[in-house]
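This is what each chain is made of:
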Amino acid sequence: MPLMLPTVIRNFFGGYATRLYPFKDVREPFVRARGHIEFDENKCILCGNCARRCPAAAIEINKEKNELVFNAAHCIICEVCAEACNKDAIRVEPKWRAPFYSKPVEVHHPKGKEKAS
Amino acid sequence: MAPRTVAPFGPQHPVLPEPIQLKITYEDEKVVDVVPAIGYGHRGIEKACELNEYPKNIYLCERICGICSCIHGISYCEVVERLWPIDVPPRAKYLRTIWSEMSRTHSHLLWLGLLADAFGFESMFMQFWRIREKVLDLLEMTTGQRVTQSISVVGGVRRDIDDEQKKKCIEVLREVRKESEALINVLANDYTVKARTVGKGVLTKEQAIALGCAGPHLRASGVKEDCRMQGLQAYGDLGFEPIVEKDGDCYARTLVRCRELLQAIDLQLEAFSKMPEGEIAVRPKGNPPANEAVYRAEQPRGEVFYYAKGNGTRNLERLRVRTPTYANIPSLLVMLPGCELPDVPVIVLSIDPCISCTER
Amino acid sequence: MIENIKEIKKDELLAEVKKFADAKARFVTAVCNDLGDKLEVTYFFNMSPGMEMHGLRMTVGKDEEVPSTTGIFLTTVLIENEMKEMFGLKVKDIAIDFGGHMLLAQDSPVTPMLKTGAAGGKGGE
């Protein structure tokens, strides 16, 4: 045990290694962390680039109904959709999504096409 | 003759993070026979890779295993690049090396913690995992996520490390190195640790080669084989020399991983200092041609083998992944018989089992 | 293209594998491919010490029996069992035979890795 003693002493006087969570806030995510994705309805033109490239098939596009359905629970936040989007309509935010009881399904009605025409 | 008892070890056992069952026959407290039973984590990823388009497979391959996920993604990209073949820009090669070594650092810290936990050294376990957290933070800062980094694409990498991040990485890695050295000193010299590991689960050099072991497990038996010796990525420039121990027992395996941990940090620091400027990715032209390729990389647990066969479409004809634990499980059949019951967890853990890797 | 692959016949397999065992080579893995009406099996060996890899490739019919190499390299137990249950490759006399249930369960699809084999859903779903 004597070999471990310096570590033990250092820990004894060294203060906390963790954050005192309920009393202090959690660490802010890093600037370029991948937390969740957000859609900008004003920019999206329903081209379907994101849906075709999504490895988890989390995005569904229905051009007739002018709908973009996003299954947040399927999303693996790989950022492929944001890279594929030509209109910058998908943003990756560093803040992670809060836990949920039922799987959220976001339905977007993009207006980008009307604006462009 | 003493009566024989058959007792299962696993699939749920405190030292096993993942499910594998070993049907062990004991004679009193001595192990006489072992039969492994796997199949609790099979997900059919190889089949799914044939049905997916090839760029989507990167994210699937990363999910073969959580701990070595970064190297799985990189290896998949490398093997698919060999179908054309595509030459990756030098900066991307360095970045891949840095992230590979970073994931090796966190994986070895995780394993050293688990080993300490397996023989009941709880405080050591906490200490190692505390250091590991810093490395995970570095990964999150540079790649965007802690575990599934999704950093590699066919033709290069997706993100660059800028100067500010580089400075921070070097600073934290030096800290990690200093803290790990203090703990490794305890692990390598403490008599309680030695009592649990020295002379346990001995595998000779001849046995290790005949059983086809891989990685630190093989090098602990005195075989100088490491896929980084091929000089791929940036390893050729970094003057890499594999770490070898002679004894082939649990203690030797621990020492190999301890020294590899420090070496991985040194390799990262050196790669940071030598990293060239330039492009980080090239775009592949068209679909993977009808060709086949093999790629071997060194994961924290050993040699990973990727085989890909293209057919000119966006889907691959066949992808085969052989992970290091797949090669190391048969060695348990030789190491376990003859040992005592309390040594079973330490010996099983000393191959660094990763079962979801094995079953894919 | 993979370097150093030698095409062999089914009957020569054991003799060729024995040569690798005598040369103190390390078994890496085997890869099975479905060629439509035939199966192609490639065994890879690493020439220890060093990182040079050699392969043995044989093409067998789907109903032909193949000898087991577990007598020479015990470590081929897992891969031979896997090829047997995933591709229906008929390997006889494996040292530890899991009977087609090493990775697959009782109610799993049979020989799922064949091109005609069962695939649950399309990719990505």
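All values reported here derive from a predicted model rather than from experimental measurement.

**Focus on the overall build of chain A**
Okay, step 1: The helix and strand tally for chain A stands at 4 helices and 5 strands.
Okay, step 2: Element order for chain A, N to C, with α for helix and β for strand: α-β-α-β-β-α-β-β-α.
Okay, step 3: Relative to its full complement of 117 residues, chain A shows a buried share of 17%.
Okay, step 4: Counting contacts in chain A only where the partners sit at least 6 residues apart, residues at least 24 apart contribute 72% of the total.

**Describing the overall build of chain B**
Okay, step 1: When helices and strands are counted, chain B shows 13 helices and 8 strands.
Okay, step 2: Relative to the compact-globule value of 21 Å for 360 residues, chain B shows a C-alpha radius of gyration of 21 Å, a close match.
Okay, step 3: Considered along the principal axes of its C-alpha atoms, chain B spans approximately 70 × 45 × 35 Å.

**As for the interface of chain C and chain B**
Accessible area lost upon the coming together of the parts is a frequently used measure of interface size.
Okay, step 1: Counting from both sides, the interface comprises 27 residues of chain C and, opposite them, 37 residues of chain B.
Okay, step 2: For the side of chain C that touches chain B, the elements supplying multiple residues, two or more each, are β2 (26-34) and α2 (76-87) of chain C.
Okay, step 3: Tallying contributions element by element places β2(C) first for the side of chain C that touches chain B, with 6 residues.
Okay, step 4: Across the side of chain C that touches chain B, the residue classes break down as 17 nonpolar, 7 polar and 3 charged.

**Here we look at the environment of I355(B)**
Residues and elements named next belong to chain B.
Okay, step 1: Among the structural elements, I355 can be located in helix α13 (residues 355-359).
Okay, step 2: With 317 residues separating them along the chain, I355 and I38 place their C-alpha atoms 8.0 Å apart.
Okay, step 3: Beyond its immediate sequence surroundings of up to four residues, I355 is in contact with E18, P19, I20, I38, G41 and T325.

**Here's the deal with the packing of helix α4 (residues 90-118) of chain B against helix α10 (residues 250-274) of chain B**
Residues and elements named next belong to chain B.
Okay, step 1: Where α4 meets α10, the closest approach of the two axes is 9 Å, and the angle between their N-to-C directions is 155°. The pairing of α4 with α10 is recorded here as roughly antiparallel in orientation. For the pair α4 and α10, the crossing hand works out as left-handed. Mapping the contact onto sequence places Y94, T97, I98, E101, M102, R104, T105, H108, L109, W111, L112 and L115 in α4 and T254, R257, C258, E260, L261, A264, I265, L267, Q268, A271 and F272 in α10.
Okay, step 2: Of the residues belonging to the contact of α4 with α10, the class tally is 14 nonpolar, 5 polar and 4 charged.

**What to know about helix α1 (residues 5-13) of chain A**
Okay, step 1: Judged by how many residues are buried, α1(A) sits mostly at the surface: 0 of 9 residues are covered.
Okay, step 2: A positive phi of about 80° marks G15(A), the residue just after α1(A).

**Some details on unusual backbone geometry**
Okay, step 1: Here the bond from W84(B) into P85(B) is cis, since omega is 0°, no more than 30 degrees from zero.
Okay, step 2: Note that P85(B) resides in the loop between α3 (69-81) and α4.
Okay, step 3: Phi is positive for E79(A), which is not a glycine, with a value near 75°.
Okay, step 4: Considering the arrangement of structural elements, one finds E79(A) in the loop between β3 (67-71) and α3 (80-84).
Okay, step 5: Not every positive phi belongs to a glycine, and Q233(B) is a case in point at roughly 50°.

**Details of the domain arrangement of chain B**
All names here are of chain B.
Okay, step 1: Structurally, chain B comprises domain 1 (1-41) and domain 2 (43-340).
Okay, step 2: The centre of domain 1, based on its C-alpha atoms, is set 28 Å off from the matching centre of domain 2.
Okay, step 3: Each side of the interface is counted separately: domain 1 has 10 residues, and domain 2 has 10 residues.
Okay, step 4: Among the elements that make up the side of domain 1 that touches domain 2, the one with the highest residue count is strand β3 (residues 30-37) (6 residues).
Okay, step 5: Its residues placed into classes, the side of domain 1 that touches domain 2 shows 6 nonpolar, 1 polar and 3 charged.

**Observations regarding the sheet that holds β3(A)**
Residues and elements named next belong to chain A.
Okay, step 1: Read from one edge to the other, the open sheet built from 3 strands follows the order β2-β3-β5, with strand pairing classed as antiparallel. Strand pairing shows two members of the sheet lacking a second neighbour, β2 (59-62) and β5 (105-108), which therefore form its edges. Neighbour to neighbour, the strand axes of the sheet diverge by 15° on average, direction disregarded.

**Regarding the sheet that holds strand β1 (residues 4-9) of chain B**
Residue and element names in this part refer to chain B.
Okay, step 1: With antiparallel pairing, the 3 strands of this open sheet are ordered in space as β1-β2-β3. For this open sheet the edge positions go to β1 and β3, each flanked by a neighbour on one side alone. Direction aside, the axes of adjacent strands within the sheet are offset by 20° on average.
Okay, step 2: The sheet contact formed by β1 and strand β2 (residues 21-27) spans 6 bridges and is antiparallel. From the neighbouring strand, F9 faces β2, where its bridge partner is L22.

**Remarks on α3(B)**
Each α-helix turn comprises 3.6 residues. Residues three or four places apart therefore point the same way.
Okay, step 1: For α3(B), with 13 residues, the first-to-last C-alpha span of 19 Å sits near the 18 Å given by 1.5 Å per residue.
Okay, step 2: Within α3(B), 13 of the 13 residues are buried, which leaves it mostly tucked inside the rest of the structure.

**Quick look at the nonpolar core**
All names here are of chain B.
Okay, step 1: Y306 and A308 are the most contacted members of the largest nonpolar core, which totals 154 residues.
Okay, step 2: Top contributing element to this core by residue count: α4, with 12 residues.
Okay, step 3: Per-domain counts for this core show at least three residues from each of domain 1 (1-41) and domain 2 (43-340).
Okay, step 4: Setting aside residues up to four positions removed in sequence, Y306 forms contacts with S75, Y76, V79, Y295 and V321.

**Description of the environment of Y40(B)**
Residues and elements named next belong to chain B.
Okay, step 1: As for its placement among the helices and strands, Y40 is situated in the loop between β3 and α1 (45-51).
Okay, step 2: By C-beta crowding, Y40 is classed as partly exposed, having 17 other C-beta atoms within 10 Å.
Okay, step 3: In this structure the C-alpha to C-alpha distance between Y40 and I20, which are 20 residues apart in sequence, comes to 7.1 Å.
Okay, step 4: Not counting residues within four places of it along the chain, the set of residues in contact with Y40 comprises P11 and P19.

**Describing the packing of α3(B) against α4(B)**
Helix-helix packing: each pair is described by the crossing angle between the helix axes and the interaxial distance.
Residue and element names in this part refer to chain B.
Okay, step 1: Look at α3 against α4: their axes get within 8 Å of each other, and the N-to-C directions meet at 150°. In this structure, α3 crosses over α4, and the sense of that crossing is left-handed. Residues C70, I71 and I74 of α3 form the contact with α4, whose own contacting residues are R96, W99, S100 and S103.

**Some details on the pairing of β3(A)**
Residue and element names in this part refer to chain A.
Okay, step 1: Where burial is concerned, the two faces of β3 differ: the one with L68 and F70 is buried and the one with E67, V69 and N71 is not.
Okay, step 2: When β2 meets β3, the two strands line up antiparallel, connected through 4 bridges. If you follow E60 over to β3, its bridge partner there is V69.
Okay, step 3: Linkage of β2 to β3, two consecutive antiparallel strands, is achieved through a turn of 4 residues, within which N66 is found at a positive phi near 55°.
Okay, step 4: Inspection of the sheet shows β3 paired to β5 by 4 bridges, in the antiparallel sense. If you follow F70 over to β5, its bridge partner there is E106.

Parameters and conventions
Residues numbered from 1 in each chain as written. Chains lettered and ligands numbered in written order. Predicted model: local features only at pLDDT ≥ 70, side-chain atom pairs only at ≥ 80, totals over all residues. Helix = DSSP H or I, 4+ residues; strand = E, 2+ residues; numbered from the N terminus. Buried ≥ 20, exposed ≤ 12 C-beta atoms within 10 Å, placed from the backbone. Contact = placed C-beta atoms within 7 Å. Rg over C-alpha atoms; globule rule 2.2 N^0.38 Å. Nonpolar A, V, L, I, M, F, W, Y, C, P; charged D, E, K, R; others polar. Axes fitted to C-alpha atoms, helices over the stretch in contact; angles between N-to-C directions. Parallel < 35°, antiparallel > 145°, perpendicular 65-115°, else oblique. Left-handed = near helix turned anticlockwise from the far one by under 90°. Domains from an automatic or database assignment. Pairing = 2+ DSSP bridges. Expected span 1.5 Å × (residues − 1). Core = buried A, V, L, I, M, F, W, Y, C linked by C-beta atoms within 7 Å.

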